[in-house]
Amino acid sequence: MLELLKDLWAFMRVRKKFWLAPIILTLLLLGTLVVLSQGSAVAPFVYTLF
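Only a predicted model underlies this, so the values are computations on that prediction, with no experimental measurement involved. (Residues numbered from 1 in each chain as written. Predicted model: local features only at pLDDT ≥ 70, side-chain atom pairs only at ≥ 80, totals over all residues. Heavy atoms only, no water.)

Draft legend 1. Spotlight on unusual backbone geometry. Of note in the backbone geometry, Lys-16 takes a positive phi value of approximately 55° without being a glycine. Take Lys-16: it is sitting in the loop between helix 1 (2-15) and helix 2 (20-36). (Helix = DSSP H or I, 4+ residues; strand = E, 2+ residues; numbered from the N terminus.)

Draft legend 2. Seen up close, the packing of aromatic side chains. By the definition in use, this model includes one aromatic pair. Centre to centre, the rings of Trp-9 and Phe-18 are 5.8 Å apart; their planes meet at 55°, and the pair counts as tilted. Judged by relative accessible area, Trp-9 falls into the partly exposed class, the value being 43%. (Phe/Tyr/Trp six-rings, centres within 6.5 Å; stacked < 30°, edge-to-face > 60°. Buried < 20%, exposed > 50% of the residue type's maximum accessible area, 1.4 Å probe, protein only.)

Draft legend 3. The packing of helix 1 against helix 2, seen in detail. Their axes nearest at 11 Å, the elements helix 1 and helix 2 cross at an angle of 155°. The angle between the axes of helix 1 and helix 2 places the two elements in the roughly antiparallel class. Contact with helix 1, carried on its side by Leu-8, Phe-11 and Met-12, involves Leu-20, Ala-21 and Ile-24 of helix 2 and no other residues of that element. For the contact of helix 1 with helix 2, the per-class residue count stands at six nonpolar, no polar and no charged. (Axes fitted to C-alpha atoms, helices over the stretch in contact; angles between N-to-C directions. Parallel < 35°, antiparallel > 145°, perpendicular 65-115°, else oblique. Contact = heavy atoms within 4.5 Å. Nonpolar A, V, L, I, M, F, W, Y, C, P; charged D, E, K, R; others polar.)

Draft legend 4. Representation of the environment of Met-12. Mapped onto the fold, Met-12 is located in helix 1. Met-12 sits in the buried class, given a relative accessible area of 6%. Excluding residues within four positions of it along the chain, Met-12 makes contact with Lys-17, Phe-18, Leu-20, Ala-21 and Ile-24.

Draft legend 5. The confidence of the model for the chain, seen in detail. Residues of the chain with pLDDT of at least 70 account for 88%, and the chain-wide mean is 83. Ranking the helices and strands of the chain by mean pLDDT puts helix 1 first, with 90, and helix 3 (residues 43-47) last, with 71. (pLDDT = per-residue confidence, 0-100.)

Draft legend 6. Up close: helix 1. Look at helix 1: 20 Å from first C-alpha to last across 14 residues, which is about the 20 Å you get at 1.5 Å a residue. Lys-16 sits one or two positions beyond helix 1 and adopts a positive phi of about 55°. (Expected span 1.5 Å × (residues − 1).)

What follows is the structure in structure tokens.
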């Protein structure tokens, strides 16, 4: 996983695609939120966002 992040950063740095960083960060945060709320009482409220 760490190598994937290093490769993504190298890709963005070389090709000047820094606009991808907020998109990737948002996707990672949303994915983490969904995974962490799977078995909790918060899950119905999280799924109403989508």
